[in-house]
Amino acid sequence: MADADALAPSLQPILDQKTLKWVFVGGKGGVGKTTTSCSLAVQMARARKSVLLISTDPAHNLSDAFGVKFGKDARPVPGVENLAAMEIDPNGSIQDLISAGGDDAQEAMQGLGGVGNMFQDMAFSIPGVDEAMSFAEVLKQVKGMEYEVVIFDTAPTGHTLRFLQFPTVMEKALEKLSQLSQQFGPMLNSVLGARGGLPNGQSLDDVLKKMEDLRATIGEVNKQFKDADLTTFIPVLIPEFLSLYETERMIQELGSYEIDTHAMVVNQLLFPSADNPCAQCNSRRKMQRKYLEQIDDLYGEDFHVVKMPLLVDEVRGTESISKFSEMLVKPYEAPA
């Protein structure tokens with residue numbers, strides 16, 4: 001492949017895409033997803049007025065990366081203007097999801113008592129619901145378009161792919177709840193009538209309407225995820241067989257979900273000098289070159305492939321992350 005055919009080895013085109021709202025950063029465990037997502041968020045905050053960085057990884061490394069304790073509520077990242085961060089617990093409940101549609105809907109579901117528990121059990125029978133629950137927090141945080149861009153530091157590949165199925169999974173769950181309510185509607189109305197109705201004088205129809213409104217919101221998110229102007233996914237990998245294999249599988253699945261991906265970050269590259277006496281370094285660099293050639297063959301024509309060096313020091317703290325982030329937009333030049 002000629003060099004002229006290759007796209008720029010930079011994430012600058014991502015920063016320049018002013019319509020972009022959702023950015024997912026993901027890959028195999030241990031490849032530097034968090035460092036990459038934090039670095040991208042720092043660069044994005046320089047290009048946009050408000051950026052939210054969210055960790056959906058149960059391991060949560062954002063706090064360690066920036067040296068600041070983050071939680072389930074967004075808080076500013078000290079030293080980085082226009083950037084906020086939060087860490088979402090991926091373990092949730094159906095009530096958390098319903099609360100995204102409003103406090104009244106949550107109270108109504110609780111007011112269903114045992115029948116509400118049956119709805120919850122039925123919803124949880126759908127594969128992938130556990131991972132999908134964390135997105136309820138996201139819906140609440142970005143409600144009202146407070147942030148121009150939302151960047152996700154995702155869990156390892158398998159969990160991430162299930163997370164990205166969220167809109168489809170929850171549409172199925174809400175559809176099942178709707179079917180159940182229609183099937184058992186008369187019985188539910190009788191039970192609720194005997195109990196004096198739902199909180200705040202709501203009817204079962206009110207609850208179902210809120211569920212339908214929520215389903216409409218989820219449908220809009222699903223539509224946005226499939227819009228390349230609004231959403232993109234950035235795979236992060238290292239030049240090793242398992243990481244490259246998993247990345248290729250993930251890119252294929254992203255295509256099946258109709259989610260755009262056109263940039264990737266290759267981390268932990270060695271650049272030993274020609275006269276380096278370290279046999280292990282030279283041997284590993286030789287192995288890395290082999291996989292870099294495969295990466296270029298597979299993705300060089302269609303992807304912005306950013307190649308990042310393995311540094312001597314750990315990338316921790318705002319200053320270190322900011323310095324590392326520069327190499328996402330300006331290609332690293334190995335010393336002679």
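It should be emphasised that the depicted structure is a prediction, and the values quoted were computed from it without experimental measurement.

1. A few points about the layout of surface pockets
In this structure, the largest pocket occupies an estimated 480 Å³ of space. Along its surface, the largest pocket is lined by 26 residues, and V31, G32, K33, T35 and V315 are the ones closest to its centre. Broken down by secondary-structure element, the contributors of at least two residues to the lining of the largest pocket are α2 (33-47), α3 (62-66), β7 (263-269), β8 (304-309) and α14 (318-329). Considering each element in turn, the lining of the largest pocket owes the most residues, 3 residues, to α2.

2. Comments concerning the pairing of strand β5 (residues 149-153)
Counted residue by residue, β5 has 5 buried out of 5 residues, so it is predominantly covered. Looking at chain direction, strand β2 (residues 51-55) and β5 are connected through 5 bridges and run parallel. Its bridge partner lying in β5, S55 is registered against D153.

3. Thoughts on the sheet that holds strand β1 (residues 22-26)
Pairing is mixed in the open sheet, where 8 strands are placed in the order β3-β4-β2-β5-β1-β6-β7-β8. Edge positions in the sheet fall to β3 (75-76) and β8, since each of these pairs with one other strand and no more. Taken strand by strand, helix α12 (residues 241-256) contacts β1, β6 (231-237) and β7, and its axis lies near 165° from that of β6. The strands touched by α14 within the sheet are β7 and β8, with β8 carrying the most contacts at an inclination of about 145°.

4. Some points on the confidence of the model for the chain
This prediction gives the chain a mean pLDDT of 78; 65% of its residues lie at or above 70. pLDDT under 50 marks residues 97-109. Its contacts with residues more than four places away, or in other chains, come to 32 contacts. Scored below 50 in pLDDT, residues 111-115 shows 10 contacts in the model against residues more than four places distant or in partner chains.

5. Side note on the packing of α12 against helix α13 (residues 279-299)
To describe two helices that pack against each other, one gives the angle between their axes and the distance between the axes. For the pair α12 and α13, interaxial distance at closest approach is 11 Å and the crossing angle is 15°. Accordingly, the angle class assigned to the pair α12 and α13 is roughly parallel. The crossing of α12 and α13 is right-handed. Residue-level contacts link F241, L244, T247, E248 and I251 of α12 to Y291, Q294, I295, L298 and Y299 of α13. Per-class residue counts for the contact of α12 with α13 are 7 nonpolar, 2 polar and 1 charged.

6. Some thoughts on the packing of aromatic side chains
We describe a pair of aromatic rings using the distance from one ring centre to the other and the angle between the two ring planes. By the definition in use, this model includes 9 aromatic pairs. Arranged with centres 6.1 Å apart and planes meeting at 20°, the rings of W22 and F152 form a pair that is stacked. Residue W22 is found in strand β1, and its partner F152 is found in strand β5; the two are separated by 130 residues along the sequence. The same class applies to W22 as to F152, namely buried. With 5.7 Å between their ring centres and 80° between their planes, W22 and F225 make a pair best called edge-to-face. One end of the pair, W22, is in strand β1; the other, F225, is in helix α11 (residues 204-225), and 203 residues separate them in sequence. On the basis of relative accessibility, which here comes to 2%, the residue F225 falls in the buried class. One aromatic cluster is present, built from ring pairs that chain together W22, F24, F152, F225 and F233.

7. Regarding the nonpolar core
The nonpolar side chains of a soluble globular protein tend to be buried with one another. Core analysis: the biggest nonpolar cluster contains 39 residues, and L11, L40, L53, F66, L83 and I151 have the highest contact counts within it. Per-element tally for this core: the top contributor is α2, with 6 residues. Residues contacting L83, with those up to four places away along its chain left out, are A41, V42, A45, V51, L53, F66, P76 and V77. The next biggest cluster of nonpolar side chains, apart from the first, holds 17 residues, and it includes W22, F24, Y257 and I259.

8. Observations concerning the pattern of salt bridges
Summed over the entire model, instances satisfying the criterion amount to 6 salt bridges. Here R284 and E240 are joined by a salt bridge, their closest N and O atoms 2.3 Å apart. Residue R284 is found in helix α13, and its partner E240 is found in the loop between β6 and α12; the two are separated by 44 residues along the sequence. The partly exposed category is assigned to R284, whose relative accessible area is 37%. By relative accessible area, which is 27% here, E240 ends up partly exposed. Between R249 and E253 there is a salt bridge, with the nearest N and O atoms lying 3.3 Å from each other.

9. Some words on α12
Taking 1.5 Å per residue, 16 residues should reach 22 Å; α12 reaches 23 Å between its end C-alpha atoms and fits that length. Of all the positions in α12, only S243, L244, E246, T247, M250, I251 and L254 are classed as buried. Summarising the axial view, the buried residues of α12 lie within an arc of 165°, below the 170-degree limit, and thus occupy one face. Looking at α12, the residues exposed on the side facing more than 90 degrees away from the buried face are F241, L242, Y245, Q252 and S256. Among the residues trailing α12, E258 stands out with phi positive, at a value near 65°.

10. Re the UniProt feature "binding site: Zn(2+)" (unreviewed entry) in the chain
Under the UniProt annotation, the feature "binding site: Zn(2+)" (unreviewed entry) is placed at C278 and C281. With respect to the helices, strands and loops of the structure, C278 is situated in the loop between β7 and α13. As for its placement among the helices and strands, C281 is situated in helix α13. For C281, the residues in contact, after removing those within four places along its chain, are L270 and P272.

Procedures and definitions
- Residues numbered from 1 in each chain as written.
- Predicted model: local features only at pLDDT ≥ 70, side-chain atom pairs only at ≥ 80, totals over all residues.
- Heavy atoms only, no water.
- 1 Å grid on protein atoms, 1.4 Å probe; cavity = no way out; pocket = protein on both sides within 12 Å on 5 of 7 lines; lining within 4 Å.
- Points joined across faces, edges and corners; volume = space filled by probe spheres on them.
- Helix = DSSP H or I, 4+ residues; strand = E, 2+ residues; numbered from the N terminus.
- Buried < 20%, exposed > 50% of the residue type's maximum accessible area, 1.4 Å probe, protein only.
- Pairing = 2+ DSSP bridges.
- Contact = heavy atoms within 4.5 Å.
- Axes fitted to C-alpha atoms, helices over the stretch in contact; angles between N-to-C directions.
- pLDDT = per-residue confidence, 0-100.
- Parallel < 35°, antiparallel > 145°, perpendicular 65-115°, else oblique.
- Left-handed = near helix turned anticlockwise from the far one by under 90°.
- Nonpolar A, V, L, I, M, F, W, Y, C, P; charged D, E, K, R; others polar.
- Phe/Tyr/Trp six-rings, centres within 6.5 Å; stacked < 30°, edge-to-face > 60°.
- Core = buried A, V, L, I, M, F, W, Y, C linked by side-chain atoms within 4.5 Å.
- Salt bridge = Lys/Arg side-chain N within 4 Å of Asp/Glu carboxyl O.
- Expected span 1.5 Å × (residues − 1).
- Arc of directions from axis to C-beta.
- UniProt positions renumbered as here; feature names shortened; annotations may be inferred.

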